[in-house]
Amino acid sequence: MTQQNAQLSPETILAEFNKNDVTHVVTLPDSETNWLYLLMDADPTIAIIPVSREGQAMPTAAGLTVGGKKPVILIQNTGMMESGDSIRGWGLGLNTPVVLVIGYRGWTRHGGNRPSDVANFTEPFLFTLGIKYFLVENDEDSTRISMAFEEAASTNRPVAVLIADEYHGFNR
Amino acid sequence: MINTADMLRIFQEYRGDSIVVPGRGSRHWSTISTIPNRDIPLGDPAMGGHASFALGLALAQPGRKIVLFDSEGDVLMSLGALVTIADKQPSNFYHFVMDNECYATTGGQPVPNAKNIDYALIAKGAGYPFTHAFDDLEDLAGNLEAILQERGPVFVSMKVHPEIENEPIHRREKWQTRTVLEVIQDVKQEMGVISS
């Protein structure tokens, strides 16, 4: 299996959140983001809103946005697919300018997943909804996160960042 | 059983300057509210999301009362939202649920276990500090002012008459006077989130 050498650090993600004035992170933890969760939890400028089903995340973010705050949604690609109608209705339907940071479970760079693996459906799912996405594999890609925030703000639409670092200890 | 329009007329007396998310009560509320720019009738963006939307709004605007008129069908679809609301404890959030025991907009089919669910008890178990249940309008009217003075999140379950619709959606009378995006624009201006 071919893997990357460079890594994506949770500190880099948090720095991007801070640089873009994120106020809230609406999240359902996944196996890749625990260290990021701990960092966010310790950051006094960011409030965590824990959900128990990913479909709750987009309407929560929509409410925060209407109220003048700047949330991000932090969920896994499995949960993104579970919340499809919610993303459609509360995200696209309400012109919600929010960045979804999506853990790209199953990303292997070279393909080779089994037919049912969620990675196979992640990008087609976003394409179907017409949601633009940026792939972030390592720290050098991190400026794409700011690009996603700019895209969301300028288009008044949800924009996705796919975090493709499943094999490099993002979880520490 | 409570008549929804009558209930909303009584609520209007105590509404003050709160922001109201009328949810499934929007059709009636649109003719009752006297400050529509503080209302957020969104139709049905995706069922089950109103409570989460109102939570987000309550957290973003902690200095304003946020009042939601939810439905039991929506609550059942996102029961987990109750524990998120309880976790964040928004003191300005008033969560009213209209329980008509059925999916009225699809022809009146009963929700699962329709007649035996205690929504106030579920909310209490989820962690709402104050919960109430009413099936009589006079009883509700006598308590409403005090309820709206409680520290949120407050949960109020109300048994309401079903108003069953069997007409295909495109044939139903439209009550909306603004698009959803106009509604959002108006309330953002009203709250000072954007300038007018």
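*Asks:* Report on the nonpolar core, specifying residues and quantitative values.
*Replies:* Core analysis: the largest hydrophobic core is formed by 61 residues, its most contacted members being A:Ile73, B:Ile40, B:Phe53, B:Leu57 and B:Phe93. At eight residues, helix α3 (residues 50–60) of chain B tops the list of elements feeding residues into this core. Not counting chain neighbours up to four residues away, the residues in contact with B:Phe93 comprise B:Ala51, B:Ala54, B:Leu55, B:Ala58, B:Ile66, B:Leu68, B:Ile85, B:Tyr128, B:Gly152, B:Pro153 and B:Val154. Ranked by size, the runner-up nonpolar core spans 24 residues in total, among them A:Val99, A:Phe134, A:Ala148 and A:Phe149.

*Asks:* Run through helix α6 (residues 119–129) of chain A, naming residues and quoting values.
*Replies:* All names here are of chain A. Looking at α6, one finds that the buried residues are Ala119, Thr122, Phe125 and Leu126. For α6, the arc enclosing every buried residue in end-on projection is 100 degrees, short of the 170-degree limit, so these residues lie on one face. For α6, exposure combined with an orientation more than 90 degrees from the buried face picks out Phe127 and Thr128. For α6, the elements touching its buried residues are α4 (77–82), α5 (84–92), β5 (133–136) and β6 (159–163). Two residues or fewer past α6, Gly130 is found with a positive phi of approximately 75 degrees.

*Asks:* Mind laying out the pairing of strand β3 (residues 93–99) of chain B, listing which residues take part and the relevant values?
*Replies:* Residue and element names in this part refer to chain B. When you tally the buried positions in β3, you get seven out of seven residues, the bulk of the element. A two-sided burial pattern is seen for β3, the buried positions comprising Phe93, His95, Val97 and Asp99 on one face and Tyr94, Phe96 and Met98 on the other. Bridge count between strand β2 (residues 66–71) and β3: six bridges; the pairing is parallel. Residue pairing across strands places Leu68 opposite His95, the latter belonging to β3. Here six bridges tie β3 to strand β7 (residues 154–159), and the two strands are oriented parallel to one another. Residue pairing in the sheet places Phe96 in a bridge with Val156 of β7.

*Asks:* Describe the sheet that holds strand β2 (residues 47–50) of chain A, with residues and values.
*Replies:* Residues and elements named next belong to chain A. An order of β2-β1-β3-β4-β6-β5 is seen for the six strands of this open sheet, with the pairing classed as parallel. For this open sheet the edge positions go to β2 and β5, each flanked by a neighbour on one side alone. Pairs of neighbouring strands in the sheet enclose a mean axial angle of 20 degrees, with direction left out of account. Summarising the sheet, strand β4 (residues 99–103) and β6 pair through five bridges and their orientation is parallel. Paired with Val101 across the two strands is Val161, which belongs to β6. Along the sheet face, helix α2 (residues 34–42) touches β1 (24–27), β2 and β3 (71–76) and points at about 130 degrees away from the line of β2.

*Asks:* Tell me what's going on with the layout of surface pockets, and back it up with residues and numbers.
*Replies:* All names here are of chain B. Approximately 960 Å³ is the volume found for the largest pocket. If you go around the largest pocket, you meet 32 residues; those closest to its centre are Arg24, Arg27, Thr105, Glu165 and Arg172. Put simply, the parts of the chain that give the lining of the largest pocket at least two residues each are α2 (26–32), α4 (72–77) and β4 (102–103). Taken together, the residues of the lining of the largest pocket break down into nine nonpolar, 13 polar and ten charged. Considered as a void within the structure, the second largest pocket measures approximately 260 Å³ in volume. Forming the boundary of the second largest pocket are 17 residues, of which Ser30, Pro41, Trp175, Thr177 and Arg178 lie nearest the centre. Looking at the lining of the second largest pocket, the elements that each hand over two or more residues are α2 and α8 (180–191). Sorting elements by how many residues they give to the lining of the second largest pocket places α2 first, with three residues.

*Asks:* Which residues make up the environment of A:Arg53, and what values go with them?
*Replies:* Among the structural elements, A:Arg53 can be located in the loop between β2 and α3 (57–66). Each C-alpha atom of the pair A:Arg53 and A:Ser83 lies 8.1 Å from the other, and the pair is 30 residues apart in sequence. Excluding residues that lie within four positions of it along the chain, A:Arg53 makes contacts with A:Leu28, A:Glu82, B:Met77 and B:Ser78.

*Asks:* Describe α5(A), listing the residues and the values that go with them.
*Replies:* The periodicity of an α-helix, 3.6 residues per turn, causes residues three or four places apart in sequence to face the same way. Inspection of α5(A) places A:Gly84, A:Ser86, A:Ile87, A:Gly89, A:Trp90 and A:Gly91 among the buried residues, and these make up the whole buried set. In this structure, the buried side of α5(A) is in contact with α3, α4, β4 and α6 of chain A together with α3 of chain B.

Procedures and definitions
Residues numbered from 1 in each chain as written. Chains lettered and ligands numbered in written order. Predicted model: local features only at pLDDT ≥ 70, side-chain atom pairs only at ≥ 80, totals over all residues. Heavy atoms only, no water. Core = buried A, V, L, I, M, F, W, Y, C linked by side-chain atoms within 4.5 Å. Buried < 20%, exposed > 50% of the residue type's maximum accessible area, 1.4 Å probe, protein only. Helix = DSSP H or I, 4+ residues; strand = E, 2+ residues; numbered from the N terminus. Contact = heavy atoms within 4.5 Å. Arc of directions from axis to C-beta. Pairing = 2+ DSSP bridges. Axes fitted to C-alpha atoms, helices over the stretch in contact; angles between N-to-C directions. 1 Å grid on protein atoms, 1.4 Å probe; cavity = no way out; pocket = protein on both sides within 12 Å on 5 of 7 lines; lining within 4 Å. Points joined across faces, edges and corners; volume = space filled by probe spheres on them. Nonpolar A, V, L, I, M, F, W, Y, C, P; charged D, E, K, R; others polar.

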